[in-house]
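Single-letter residue listing:
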Amino acid sequence: MASKGQSLHAKAGENIFAKNPKVSAELLALTYGAFVHRLIKDDGATTSSASAGSGENAEEVNAILDKMGYNIGCRMVDEFFAKAPQQGLCRDLNDTAKVIGEQAFKMFLGVTAEVASFDSENKAFSLILRENPLADFVILPAAYANKLWYSNLLCGVIRGALEMLNMKVACYFRKDILRGHDCTEMRVELKEIIKDKYEEDDDEK
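The text that follows walks through the structure, step by step, so that each part is easy to find. Treat the numbers as computed from the prediction; the structure is a model and nothing was measured. (Residues numbered from 1 in each chain as written. Predicted model: local features only at pLDDT ≥ 70, side-chain atom pairs only at ≥ 80, totals over all residues. Heavy atoms only, no water.)

Before going further, it helps to examine the state of the cysteines. Each disulfide consists of one covalent bond between the sulfur atoms belonging to two cysteines. Under the counting rule described, the total for this entry stands at zero disulfides. Cysteine Cys155 shares no disulfide, and the gap to the nearest cysteine sulfur, in Cys171, comes to 3.7 Å. Residue classification places Cys155 among the buried residues on the basis of a relative accessible area of 0%. (Disulfide = S-S within 2.5 Å. Buried < 20%, exposed > 50% of the residue type's maximum accessible area, 1.4 Å probe, protein only.)

Here you go:
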């Protein structure tokens, strides 16, 4: 039974987190930081050394991080359900948002994301992080401060994971503490419910 003030999803996330092996948050932050730094250098090297230092390659790095996150998310769904076998398919997007913010984030990053700002059609919501383990120890160079979405991998993960569950979404950052905002905010927008192949075959009959 969930404690007072804590949802069932949050309680499930806490239980799963407590049962599974932990990865050092410091190791995660430093490893991810080294990876992003390498991307900036490598991507800049394909144009010119000046581009890498001026932040001109930030959009390309954002796209690479999103694509890598998407590929991770596509595979991560199976791991999520293996670790949370009692979690069935979500009833609606509100339920989906809570599972992502309170269970999946806790399971894989050790933190929870607040669900906020649903639109009037219940097709878009925000995930708000008060702490982001990927951004620990990070100070963005001035040239990248307003161009690079440092944790863009997370948007790709969400996009890929939901696509495996037949939900095509757009996911992007609105705020980032590394840009001086008071929190980190990701916006998730449902674009389409993807039909399974067998459903498409039935429609054609």
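Now, onward.
Before going further, it helps to spend a moment on the nonpolar core. Phe105, Leu127, Leu148, Tyr150, Ile158, Met186 and Val188 are the most contacted members of the largest nonpolar core, which has 39 residues in total. Listing elements by their share of this core, those giving two or more residues are helix H2 (25–45), helix H4 (58–83), helix H5 (93–109), strand E2 (124–129), helix H6 (153–164), strand E3 (167–175) and strand E4 (184–193). Of all the elements, H6 adds the most residues to this core, at six residues. Each residue touching Ile158, except ones within four places of it in the same chain, is listed here: Ile100, Phe105, Leu127, Cys171, Met186 and Val188. Counting five residues, the second largest nonpolar core, distinct from the first, contains Phe80, Val99, Ala104 and Met107. (Core = buried A, V, L, I, M, F, W, Y, C linked by side-chain atoms within 4.5 Å. Helix = DSSP H or I, 4+ residues; strand = E, 2+ residues; numbered from the N terminus. Contact = heavy atoms within 4.5 Å.)

The full count for this structure, using the stated rule, is four aromatic pairs. Relative to Tyr150, the ring of Tyr32 has its centre 5.3 Å away and its plane inclined at 90 degrees; by these criteria the two rings are edge-to-face. Here Tyr32 is found in helix H2, whereas its partner Tyr150 is found in the loop between E2 and H6, with 118 residues between them in sequence. There is no split in this pair, since Tyr32 and Tyr150 are both buried. Ring plane angle 10 degrees and centroid distance 5.6 Å describe the contact between Trp149 and Phe173, whose orientation is recorded as stacked. In this pair, Trp149 sits in the loop between E2 and H6 while Phe173 sits in strand E3, placing the two residues 24 residues apart along the sequence. Residue class for Trp149 comes out buried when judged on its relative accessible area of 17%. For Phe173, a relative accessible area of 6% puts it in the buried group. (Phe/Tyr/Trp six-rings, centres within 6.5 Å; stacked < 30°, edge-to-face > 60°.)

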